[in-house]
Amino acid sequence: MLKLADPNLLRDSLFIDGAWVKPPKCGTFAVQNPANGQQLAALPLAGRDQARAAVDAAARAFPDWAARPARERSQLLRRWHGLVLENVDDLARILTAEQGKPLSEARGEILYGAAFFEWFAEEAKRVYGETIPAPNADQRLLVIRQPIGVCAAITPWNFPMAMIPRKAAPALAAGCTMVLKPASATPLSALALAELASRAGIPAGVFNVVPGGAKTVGDELVTNSSVRKLTFTGSTEVGRELMAKASTNIKKVSLELGGNAPLLVFDDAHLETAVAGAMASKFRNMGQTCVCANRIYAQDGIYDRFVEALSAAVSKLKVGDGFEDQVQQGPLIDEAAVQKTLEHLQDAVRLGGKVLTGGSRHSLGGTFFEPTVISGATAEMLVAREETFGPLAPIFRFSSEAEAIRLANDTEYGLAAYFFTRDNGRVWRLGSALEFGVIGINTGVTSYEGAPFGGLKASGIGREGSHLGIDEFLEVKYLCVADIARPAA
Ligand code: SIN
């Protein structure tokens, strides 16, 4: 049993219209700890009816929430932020228990996620309009920005405590209401956030959480005509389907989809910085991030030194239950994740890759996997084309800057890229030439609430975080005021 200072943060119901509900006809599903298979909770499996009820509640709550002064919404978001910080230890325990990541990473994620509440509490007060010089003397032209309406959010299991605030905070700051379908593997974090929203005084119906299936809850959210906006983080494959469905009633969409991030190490890179960057980018969350370095390219002159130093660092990573001290790598989320990592590993070895460290399931069993480095990776391998989403670091070789750019861009994806160099000119050349939405230069960690996050090409549409993030939840309206020269009768 998960021990919490505040056991009321562990909820086992749906959160609709400000109330915890367990509809009698719903089945249940188990939430398990991926480190040991222990059941953490049995939750009602929401269906279409519950999703519809949540959308109706959000639609009823919308006019009042949208009409509140921005300052009031801001204060409530600040309270939510404060409560997340006050409860960081319990929230971290819930996150580690259902997701597997080490407790220190879970804590880091919660602080990162909470920062979106704080950031957008401020941005709520900066939803400015515009005036436009009019073509005629008796006219005044204005632009106002208004909340789009009810939003549906579908969030992934890899960063539940960051992805939910990254969507909910700007939506609520803008004056929208939200129905959230969290990933079925990690709904407890979402429900704990709903409990804190309620304690913060976020009114009933403004934030609803409905864990359930893609074909029922997901489908209802994406087809219901009262939902005006869909925000999704997940695979490109699912994003494509959702976008097609959302087109039926022309919903606004933002999609944070898959990546296949290149990480380039040039001969002139600082070796220790490059190794630290590759470790942070590749092995955060056991390689289960959309922005993970998936393909690591090292230039001829630094290749051997880089490969040796990276393998040495990876071989020291401590694998284990995320609750244990000093553990840096927890279990993978499920057996499918292990199978995908194994498939990429075996394919790479078959095509000539050399395993330098790791190379199989971990002796701890279950879904634990050895952090792995492979040298001699080539463009023919699956790892060159597909996101592994696991702790496998393949190292490719390149000779020139032009070749590095060509290889890095040779993918349908465009979410994140990284490069390491001490040549200032190269920083600017690659900054322009790489076709990715987020580029880390001499670093493997770029995430920050004040910076825009999002991809190009098949990696998505829209941006989260930064002053741009709130725009995704606003409509632009143009007011043309005429006949102002004539005095009122
Ligand atoms: C992601 O993998 O989707 C998000 C990672 C981040 O925000 O750092």
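See above for the structure.
Residues numbered from 1 in each chain as written. Predicted model: local features only at pLDDT ≥ 70, side-chain atom pairs only at ≥ 80, totals over all residues. Heavy atoms only, no water.

Moving on: the overall build of the protein chain. Scanning the protein chain from terminus to terminus reveals 14 helices and 22 strands. In terms of overall dimensions, the protein chain is globule-like: its C-alpha atoms have a radius of gyration of 24 Å, near the 23 Å expected for 489 residues. Each principal axis of the C-alpha distribution contributes one length, and for the protein chain these read about 85 × 60 × 40 Å. Relative to its 489 residues, the protein chain shows a buried fraction of 57%. As displayed, the protein chain has an accessible area near 19400 Å², and 53% of this comes from carbon and sulfur atoms. The protein chain carries 50 positive and 53 negative side-chain charges, and their two centres are separated by 4 Å. (Helix = DSSP H or I, 4+ residues; strand = E, 2+ residues; numbered from the N terminus. Rg over C-alpha atoms; globule rule 2.2 N^0.38 Å. Buried < 20%, exposed > 50% of the residue type's maximum accessible area, 1.4 Å probe, protein only. Areas by Shrake-Rupley, 256 points an atom, 1.4 Å probe, with all protein chains shown as cover. Lys, Arg positive; Asp, Glu negative; His and termini not counted. Charge placed at Lys NZ, Arg CZ, Asp CG, Glu CD.)

Taken as a whole, the largest pocket holds about 1200 Å³ of empty space. Lining the largest pocket are 38 residues, with Trp157, Phe232, Gly234, Ser235 and Val238 sitting closest to its centre. Residue assignment for the lining of the largest pocket shows that the elements contributing at least two residues are helix 7 (214–223), strand 10 (227–233), helix 8 (236–246) and helix 11 (335–350). It is helix 8 that provides the largest number of residues to the lining of the largest pocket, a total of 6 residues. Tallied by class, the residues present in the lining of the largest pocket amount to 17 nonpolar, 11 polar and 10 charged. Size it by volume and the second largest pocket reaches roughly 210 Å³. In this structure, the second largest pocket is lined by 13 residues; those nearest its centre are Gln32, Pro34, Ala185, Ile333 and Asp334. For the lining of the second largest pocket, the element with the highest residue contribution is strand 3 (residues 28–32), accounting for 3 residues. For the lining of the second largest pocket, the residue count by class is 5 nonpolar, 6 polar and 2 charged. (1 Å grid on protein atoms, 1.4 Å probe; cavity = no way out; pocket = protein on both sides within 12 Å on 5 of 7 lines; lining within 4 Å. Points joined across faces, edges and corners; volume = space filled by probe spheres on them. Nonpolar A, V, L, I, M, F, W, Y, C, P; charged D, E, K, R; others polar.)

Once that is clear, we can look at empty space enclosed by the protein. With the rule as written, the count across this model stands at 3 cavities of 30 Å³ or more. By volume, the largest cavity is sized at about 140 Å³. Forming the walls of the largest cavity are 15 residues, and the residues nearest its centre are Phe159, Met163, Arg166, Val291 and Phe453. Along the lines of polarity and charge, the residues of the lining of the largest cavity split into 8 nonpolar, 4 polar and 3 charged. Reported here for the second largest cavity is a volume of approximately 60 Å³. A class-by-class count of the residues in the lining of the second largest cavity yields 5 nonpolar, 5 polar and 1 charged.

Another aspect to go through is the state of the cysteines. Enumeration according to the criterion identifies 0 disulfides in this entry. The closest cysteine sulfur to the non-disulfide-bonded cysteine 290 is located on cysteine 292, 8.5 Å from its own sulfur. Owing to a relative accessible area of 16%, cysteine 290 belongs among the buried residues under this scheme. (Disulfide = S-S within 2.5 Å.)

Within the structure, the ligand sits among Tyr112, Asn158, Phe159, Met163, Arg166, Arg284, Thr289, Cys290, Val291, Ser447 and Phe453. Arginine 166 places a side-chain nitrogen or oxygen 2.9 Å from an oxygen atom of the ligand. Residue serine 447 places a side-chain N or O atom 2.4 Å away from an oxygen atom belonging to the ligand. Most atoms of the ligand, that is more than half of them, are within 2 Å of grid points of the largest cavity. Residues that form the shell around the ligand fall into these classes: 6 nonpolar, 3 polar and 2 charged. (Near = heavy atom within 4 Å. Polar contact = N/O pair within 3.5 Å; in protein donor to acceptor, adjacent residues only side chain to side chain. Sits in = over half its atoms within 2 Å of the grid points.)

Fair warning: the whole summary comes from geometry, so function is off the table for now.
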